[in-house]
Every structure is written in structure tokens, then in C-alpha cells.
Amino acid sequence: MPNAIWRLNAVEDKDSGRRVAIDDIIDGSSVVTSTGEKTLVEALDSRVIYVETVDDLKALPISGIVENQAARVTTTGRAGPFAWKSGDMSASVGTDPNEGVCVAPEEDSTGASGAWFRRVEGAVNVKWFGAEGRNNSAVDDYGPIQAAINYVCATGAPNGYANVVGGSVFIPAGTYWTNDTIEIPPECGITLKGEGWGNTVIRLNVDGKNVLNAYGKTPGTSIEGILFASSKTGVSGINIAGNGISVRNCWMSTQRGIQIGVDGLATDIIIADCGFDQCLDYAFYITGDGYPRTIAWQGSHTILITNCWTFTGLAGTLTLGGYGTYIKGVDGVTISSMPHQYHGYNAVRIEDALDIELIGLNLIGSNDERQDASYNALRVYGGTVGTSVIVNGGAIRKSPRAGLDVYTGARVTCLGTVFEGNATNTTAADEWRCDVRARDCNLTLSCCRFVSGDNHYANIMFTGSDDTVNSVLNVNSCSFDNAPRKVIRAYNVGSGSPKVAHFDNNIITNANRLGDASTIIVDLGAHRSAARVSNNTIECDINPTYWCASSGSNCYTGIVYSNFAPGGIYLQSPSSHIYDNISY
């Protein structure tokens, strides 16, 4: 070990069996003999005291034991090499009540006369502190696991002969039942690492607690390779508050998956390559400290979730309820490459949150056996400060009602997103039988693709109920396939009205597929202050009453029609409308 003086005159050469002289000591982990370099373990094996258990080690008489005397515990789990260190070791003994690393002799249990120190080269193992991991619900492994974490947090660096590299705690393969919440304390910054979520399992056996609290206030806390599980109610897998915390290659099988910011501000958080199964309340709940807030960027912020997977219900047995990801009162959240499947409410719900980016997400609102459900794959609400969301690519699919619901002051931009298989609930009102429902908001749809089913009333429903909100809809460079009735329906609710609608550079194929002679394909409503319809291509086999209808200040330019019967182009045309370059 660093700075250790090993007083050896000779060691046994393991290859030849001969005792050879030591020529030099290499600071760190090896020695040089006349027949070559040896590791410390090899060098010490010739003078090791072997004992079966830690209790046997404690029982050794200390009279005659010299500094650096080597001993080895052989019992599985707590096995390993130790060395004797003389002098007052009471402070070290006090940091390790479970005797995972520092063991005081029975003759002086305070450690004032010396102690045995485990030789550690890397992470501290929870089994050294008494954890069993035998998948026995009658054995509570909470105490040993917490003791290992507390020891690393208290020492964090070489302590005696214990070299705790990087402040790491290792949980070997096994299932560890616990009866309380394991906690990474503030000001700690450790790595908690298992052998992969398929091998290392921590299973909480009580209701209403978290499997793990990560409260790190020092950047650097990392949680890796563990499955957090519980069949109890009100249980979260990981509860995060603090900064600089990462969770990688973990799995949550708890009623609530990972919650961030519930117990305090959370910033600079990374969740990567994690899975969520049977998280019936939510996979992620991300909130700000002190929500509701009145100032942007006041609460939790700068959170990255990437390459994760959520599944919160079983096909055919989904309990109505549950979110994939619920973001509320935070700013600067990025979620990428993450499918959300089979959620009772919303795959993703966002409220009062700025600078949220969803990249390449596959959002599935419900499962095939629950087509009577009533919720949306993505729901965005403006809130007190406002909400801004960018949906970059990905798909929004299989929502019984609207796939995307945007309302009350939210600003949403969808870029290259696919809308498919939504609006399957045949009993829903017309306003929900669509891919997108937008109300009192600012919505841009660019380069998106819409694939309709027979139950669609419209692809986009755009409504206004509050004249104080500047409702704006921009649809450009999108494709609409197999629209059975309308592509857009804009209308007022009460005294409110949508304000601005632009429909540019879009392609509509097989419009009015169900042959509704009374339909209006692009219905911009009777309460508009401005509308623009330009450079669109429309293919329609069965003529509707109108291709496009609206009132107010409108402009129709560069529209190309195909497969319309003679006289089948219908533009409702108050005197304020402008027409230019329209052909078929």
C-alpha cells in the first residue's frame, strides 16, 4: 500500500517454492525479489495468519504481533487480507462499527492499542460489512449496505491500510432485501456500483419509502448496474436531490421509478441506459424545489435522460393511471432515444417547464386492449411561468384520444415527428378524435407526418377559449395521409377564438377518404384574425363541400389540386380573401 513499510527479510517464491531475499520495496502494491517482482499478496502469503471469521481475527492475542503482521479471513463474503497497525486507531474504529475494513481486537475494542485493517485496492464491498444478498426476505441487508456507504463517505481516501479509490461501494451479484431507505448522504459524492441490473438487486420490503435516496451535494455521485425493486405501495426506486448525480445501467421495478427534485433542488443530473417496468405511478417524476414557482429557472434544471425505456402497465391488465415521465416546474430537461409504452394517463406530461427537448422518443399512449382509455401520449400545459417544448423527431402513437394535447399558454414545436394510430376511442367527442389538440397556445408542426385511422375527425383540432392568449398555429412541410374527414378544424369556444393559422407547403393525399360530402378539409373557422394557406398539394378522390373555409383576413396562394372532379375546388371567399396561382 502507499507509504506502507513492509518489514520482510524473505518471501516464498510461488513458482519454485524456495524462500528468496527481498532486494527492494516498491511503493504501492508489489515487491522485488531476487527472482522477480511479486505482488504484496504473494509476498505476504509466506507469513500470513489464517483465520476463518472476523470474530476469530478479533480473538487473536495482540501480544507479539508486530507492525504490518498479515492475516487472512477465509469465510466467504467477509474473506480477505488484513494487516495489523499499531498505535491509537480508535478514530478509525469509530468510523466502521460493522467492522468491514477496520477491526479492533477483543483485548481492546476501542482500537486504542491498534487494529486490523483490511487491505483494500478499489471499491469497498458491502459483504465485508455483513450484507448477505441471499434473496431472503427475513434477512435485512439495509444496515450493512448503509454501513459500507457511511464508511466510504467518512473516509473517502486511504485510512490506515485501506485505500478506498474514488470513494466506491461495490454490491456483488445477489438479491438484497431491505427494510429501510438506503441513503447516500449530502457532501459525499460516491460511486454505488452493482454487477449489472440482471445480477444485483436491492428489494425494499416496506410501504411508503424509497429504495435509495441520493442526496449528494458534492458533484460526482454515480449509481450503476443495480435493479431497484419492490412490490410494496408508494415506493420509489431512486429519489434524487442535489447536483452532479448520474444513474446509469439501472432498472426500476417499483410503483414509482426515479423522482428528481422532490426533496430539494436537483441540477446537472444524468440518467442513462436505464429501464422501468411496472412503475404504475410514473417512471420519472421531475419537479422543482418549491413548486409552484413564479420565476423561471428557480427550481431544478439541467437534466439529461437518454437511452432509457419505460413500460408502466401490462397489456390487457393496465390499471388506469400512470405516467411515463412527468415534468413539472423545472427547466432545461433533455430526453432522448427513449420509448414510452403502455401508460394509463400520458407517456410524457409537461407543466410549467421551460426549455424541454424531446429527441427521438417513441411515445405510445396506451395498449391495444385499452382502446377505451381517455388520455394522450404527450400533454403540455403552460402553467404560471410558461412552458416551451421542442419535439425533435420520434413518433406519437396509439393514443385513444389525441396523441398530442397542448393548452393554456404552452409553446410547442414538433420537427419531423410521426403521428400514427391515434384517436381510436370511438366514444370520444370530436375534439379528441385527432392527432393534435391545441387550445390557447402557440404550436408549430414542421416536416411531420400524419397517418390517419377511420375514427379520426381531424388531424389537428385548434381551439381558442381565451382572447387574452395569442393562439398561433403554424403547419408547414407536413404530409397528411388518408385523412378520413378534416385535416384541420379551427373553432372558438365561448367568447374566445384562435388568432393566427398558417398552413404552408404541405401535401395532403387521399383526403376525405370516407366521402363525407359535408366536410371541409382545411376548416379554419369563422373567428380568425389572420390565416394563410400557401403552396400546398391536395389529392382528393371524393369532393368535400369545401377544400378550405374561413373568415377574417386570409390568403390562398400556390395551391395545387389533383383528382378533383370538375368544379370540385371549393374556397369560401369573403371579400377580404386573396387568391393567387391556384391550379388543378
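Our subject is the structure listed above.
Residues numbered from 1 in each chain as written. Predicted model: local features only at pLDDT ≥ 70, side-chain atom pairs only at ≥ 80, totals over all residues. Heavy atoms only, no water.

**Student:** Talk me through the overall build of the chain; I want residue IDs and the actual numbers.
**Tutor:** Summing up its helical and strand segments, the chain has four helices and 56 strands in all. Across the 584 residues in the chain, those meeting the buried criterion constitute 56%. Long-range contacts, defined here as pairs at least 24 residues apart, represent 68% of the contacts in the chain between residues at least 6 apart. Of the roughly 21500 Å² of accessible surface on the chain, a fraction of 47% belongs to carbon and sulfur atoms. (Helix = DSSP H or I, 4+ residues; strand = E, 2+ residues; numbered from the N terminus. Buried < 20%, exposed > 50% of the residue type's maximum accessible area, 1.4 Å probe, protein only. Contact = heavy atoms within 4.5 Å. Areas by Shrake-Rupley, 256 points an atom, 1.4 Å probe, with all protein chains shown as cover.)

**Student:** Please provide a residue-by-residue account of the pairing of strand β44 (residues 458-464), values included.
**Tutor:** Within β44, seven of the seven residues are buried, which leaves it mostly tucked inside the rest of the structure. One ladder, built from four bridges, connects strand β41 (residues 436-439) with β44; its direction is parallel. Following the sheet pairing, R437 is matched in β44 by M461. Looking at chain direction, β44 and strand β47 (residues 486-492) are connected through six bridges and run parallel. By the bridge assignment, T463 is partnered in β47 with Y491. (Pairing = 2+ DSSP bridges.)

**Student:** Residue-level account of the sheet that holds strand β9 (residues 114-118), with values.
**Tutor:** Read from one edge to the other, the open sheet built from five strands follows the order β5-β6-β7-β9-β8, with strand pairing classed as mixed. Strands at the two margins of the open sheet, each flanked by one partner only, are β5 (49-51) and β8 (102-103). Note that strand β6 (residues 70-73) and strand β7 (residues 80-86) share four bridges and pair antiparallel. Note that in β7 the partner of A70 across the bridge is A83.

**Student:** Got a sec to walk through the state of the cysteines? Specific residues and values, please.
**Tutor:** Per the counting criterion, the structure on display carries one disulfide. Not engaged in a disulfide, the cysteine C448 finds its nearest cysteine sulfur in C478; these two sulfurs lie 4.5 Å apart. Judged by its relative accessible area of 2%, C448 falls in the buried class. (Disulfide = S-S within 2.5 Å.)

**Student:** Which residues make up the side chain of S399, and what values do they have?
**Tutor:** Inspection of the secondary structure puts S399 in the loop between β37 (395-397) and β38 (404-407). A distance of 2.8 Å separates a polar atom in the side chain of S399 from the backbone nitrogen of A377. Sequence-distant contacts of S399, defined by excluding residues within four places in its chain, comprise G365, Y375, N376, A377, G421, N422, A423 and T424. (Polar contact = N/O pair within 3.5 Å; in protein donor to acceptor, adjacent residues only side chain to side chain.)

**Student:** Got a sec to walk through the packing of aromatic side chains? Specific residues and values, please.
**Tutor:** If you walk through the whole model with that rule in mind, you get 12 aromatic pairs. Among the aromatic residues, those joined into a cluster by ring pairs are Y282, Y285, Y323 and Y326. The ring of W432 has R401 lying over it, and the distance from NZ or CZ to the ring centre is 3.7 Å. (Phe/Tyr/Trp six-rings, centres within 6.5 Å; stacked < 30°, edge-to-face > 60°. Lys NZ or Arg CZ within 6 Å of the ring centre and 35° of its normal.)

**Student:** Before we move on, could you go through the nonpolar core and cite the residues and values that matter?
**Tutor:** Generally speaking, a soluble globular protein has its nonpolar side chains buried in company with each other. Grouped together as the largest cluster of nonpolar side chains are 103 residues, with contacts concentrated most on I271 and L445. Residue contributions to this core peak at six residues, all from helix α4 (residues 142-155). Discounting chain neighbours no more than four positions away, the residues touching I271 are I240, V247, I258, I260, F284, L304, I305, T306 and C308. Counting 12 residues, the second largest nonpolar core, distinct from the first, contains V54, L57, I65 and W116. (Core = buried A, V, L, I, M, F, W, Y, C linked by side-chain atoms within 4.5 Å.)

**Student:** Could you give me a rundown of unusual backbone geometry, with the residues and numbers involved?
**Tutor:** A positive phi angle is found at N135, which is not glycine, with a value near 55 degrees. Within the fold, N135 resides in the loop between β10 (120-125) and α4. In this structure, N307 takes a positive phi of about 55 degrees despite not being glycine. Assignment of secondary structure puts N307 in the loop between β27 (301-306) and β28 (309-311).

**Student:** Lay out the pattern of salt bridges in plain terms, naming residues and giving numbers.
**Tutor:** Working definition: two side chains of opposite charge can pair if their charged atoms are close together. Enumeration according to the criterion identifies 11 salt bridges in this entry. A salt bridge links R134 to E132; the nearest nitrogen and oxygen atoms lie 2.4 Å apart. Accessibility expressed as a relative area gives 53% for R134, which makes it exposed. With relative accessibility at 31%, the residue E132 sits in the partly exposed group. Between D430 and R433 there is a salt bridge whose closest N-O contact spans 2.7 Å. (Salt bridge = Lys/Arg side-chain N within 4 Å of Asp/Glu carboxyl O.)

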